[in-house]
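A structural walkthrough
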Amino acid sequence: WGNAGGAVLAFISILGALAVARHTEGPVRAIESAIRRGDFIPYYQPLMCIRTGRLLGCEALVRRKRPGGGVDGPGAFIPMVEATGQIFEITRSMMAHARDELGPAYNARPHLKVSFNLVADHFSSLKIVSDMKEIFEGAQVKMDQIVLEVTERQPLPNLGEARVIIAKLQELGIRIALDDVGTGHGGMSYLLKLGVDQMKMDKMFVDAIGSDRYSTAIIDTLVKLAADLNIEFVAEGVETFEQIAYLKEHGVDAAQGYVFAPPLPGPLYLELIQTLDPIKSRVPERVRKAI
Ligand code: C2E
Ligand code: MG
Ligand code: MG
Ligand code: MG
């Protein structure tokens, strides 16, 4: 036995160690394998023109597939993956996924846009510029169909640096949106210094429509500011028809929210594009058949 017994014991303890290692797989490793498996996917929330009823595009929002089916929202994992730096990897895989999934539909409809959310750290390195080229150069989703969102919730580490990175992205044809306007650190100085193309007013102002005169005064001010600065204005988190009516009356064109649709899985969003296709929906079937 002697040696053989020792070998068997050693073998068993290696198996044991492996089992323990698997069990205690660190959170970083767990996220790495989830990225490799393709567990992080985009859902797409439609962006509508409330003046014309047309679909303008969507915002891609990250979801993580659950082992038993269903998905988790970003609240469950974004804070952690931001801390470990893995948010960059997830953003890249989300963008590649959206590029492949939306490519044919977007290539046929150049007016449609897709927005992605970035974190403040994305604006402190030119890496995001080369990433965008690597992912989207020659793709069916064109640079001028892409919007990158920077949130006002997180302070940008260096405004001057961010401005340079934003300008380089804009040179590629990409548009930049300031997200969650009214909630955070940036406020007026971000609008002044970053040169953004779009502002997305936070849901809290939409929530206050009809009840809080301070918020509605702020909406009016932001709409006017956007118009004066020639910045596209989007209202987020629109949930009721009363809110749509108010926003329309106050000069808002673009809105996003549950009143239209929640973030949708890819196939459903693609179906919606077909259904709302301005060409198909305006020409009666028998006319199209006669062409
Ligand atoms: P956000 O960019 O402001 O996205 C809008 C959030 O509001 C989304 O939540 C959306 O599902 C939700 N929403 C949209 N319409 C309504 C509405 O009518 N009512 C209510 N109550 N909520 C509405 P979600 O998908 O849970 O995302 C939360 C936040 O997580 C996002 O806020 C964004 O800051 C962040 N996030 C999402 N996807 C990504 C991503 O791929 N990368 C990064 N860095 N952040 C992401
Ligand atoms: Mg956003
Ligand atoms: Mg937002
Ligand atoms: Mg928001």
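Presented here is an overview of the structure given in this document. (Residues numbered from 1 in each chain as written. Chains lettered and ligands numbered in written order. Predicted model: local features only at pLDDT ≥ 70, side-chain atom pairs only at ≥ 80, totals over all residues. Heavy atoms only, no water.)

Regarding its fold elements, the chain presents 13 helices and nine strands. Projecting the C-alpha coordinates of the chain onto the three principal axes gives extents of approximately 90 × 55 × 40 Å. Out of the 291 residues belonging to the chain, those deemed buried represent 42%. Put simply, of all contacts in the chain between residues at least 6 apart along the chain, 68% involve residues at least 24 apart. For the chain, the exposed area adds up to about 15100 Å²; of that, 58% sits on carbon and sulfur atoms. Between the mean site of the 32 positive side-chain charges and the mean site of the 35 negative ones, the chain shows a separation of 5 Å. (Helix = DSSP H or I, 4+ residues; strand = E, 2+ residues; numbered from the N terminus. Buried < 20%, exposed > 50% of the residue type's maximum accessible area, 1.4 Å probe, protein only. Contact = heavy atoms within 4.5 Å. Areas by Shrake-Rupley, 256 points an atom, 1.4 Å probe, with all protein chains shown as cover. Lys, Arg positive; Asp, Glu negative; His and termini not counted. Charge placed at Lys NZ, Arg CZ, Asp CG, Glu CD.)

Taken together, 22 residues surround ligand 1, and among them Arg63, Asn117, Asp179, Glu239 and Tyr258 come closest. Interatomic distance of 2.9 Å between a side-chain N/O atom of Glu59 and an oxygen atom of ligand 1. Burial of ligand 1 by the protein amounts to 78% of the accessible area it has alone, namely 790 Å². Of the pockets mapped on this structure, ligand 1 occupies the largest pocket. Going through the elements one at a time, strand 2 (55–65), helix 4 (87–108) and strand 6 (175–181) are the ones with two or more residues in the shell around ligand 1. (Near = heavy atom within 4 Å. Polar contact = N/O pair within 3.5 Å; in protein donor to acceptor, adjacent residues only side chain to side chain. 1 Å grid on protein atoms, 1.4 Å probe; cavity = no way out; pocket = protein on both sides within 12 Å on 5 of 7 lines; lining within 4 Å. Sits in = over half its atoms within 2 Å of the grid points.)

As a further point, take helix 4. Here helix 4 is 22 residues long and its end C-alpha atoms lie 31 Å apart, about the 32 Å a rise of 1.5 Å per residue gives. By the largest-angle criterion, Leu102 marks the main kink of helix 4, which is about 60°, and a proline, Pro104, follows within four residues. Among all positions of helix 4, only Ile87, Ile90, Thr91, Met94, Met95, Ala98, Leu102, Gly103, Ala105 and Tyr106 are buried. (Expected span 1.5 Å × (residues − 1). Bend = angle between axes of the 7 residues up to and from the residue.)

Turning our attention to the coordination of the magnesium ion (ligand 3). Four donors placed tetrahedrally around a metal ideally meet at 109.5 degrees, and six donors placed octahedrally ideally meet at 90 or 180 degrees. Taken together, Asp179 (OD), Asp180 (OD), Glu236 (OE) and Glu236 (OE) make up the protein donors of the magnesium ion (ligand 3), found 2.2 to 2.4 Å from the metal. Positions of the donor residues of the magnesium ion (ligand 3), expressed as sequence spacing, correspond to D-D-x55-E. (Donors = N, O, S within 2.8 Å, 3.2 Å for Na, K, Ca; no water.)

Tracing the backbone shows Glu236 in the loop between strand 8 (232–235) and helix 10 (241–249). Discounting residues that sit within four places of it in the chain, Glu236 has contacts with Glu59, Asp179, Asp180, Lys200, Met201, Asp202, Lys203, Val206 and Gln256.

What follows concerns the coordination of the magnesium ion (ligand 2). Only Glu59 (OE), Asn117 (OD1), Glu149 (OE) and Asp179 (OD) from the protein reach the magnesium ion (ligand 2) as donors, at distances of 2.0 to 2.2 Å. When the donor residues of the magnesium ion (ligand 2) are listed from N- to C-terminus, their spacing reads E-x57-N-x31-E-x29-D. Separating the magnesium ion (ligand 2) from the magnesium ion (ligand 3) is a gap of 3.9 Å, which Asp179 spans by donating to each of them. Separated by 58 residues along the polypeptide, Glu59 in strand 2 and Asn117 in strand 4 (residues 113–118) bring together distant segments of the chain.

Another aspect to go through is the environment of Val164. With respect to the helices and strands, the residue Val164 is situated in helix 6 (residues 159–171). The sequence separation of Val164 and Leu194 amounts to 30 residues, and the corresponding C-alpha distance is 8.7 Å.

Residues Val8, Phe11 and Ile12 make up a contiguous nonpolar surface patch of roughly 300 Å² in combined accessible area. Along the chain, Val8 turns up in helix 1 (residues 2–23). (Patch = residues over 30% accessible without salt bridge, like charges linked within 9 Å, V, L, I, M, F, W, Y side chains within 5 Å. Salt bridge = Lys/Arg side-chain N within 4 Å of Asp/Glu carboxyl O.)

Another aspect to go through is the side chain of Asp179. Relative to the helices and strands, Asp179 resides in strand 6. We note that Asp179 is buried and unpaired, the nearest opposite charge coming from Lys200 at a distance of 4.9 Å. Aside from chain neighbours lying at most four places away, what touches Asp179 is Glu59, Asn117, Glu149, Val150, Thr151, Glu152, Lys200 and Glu236.

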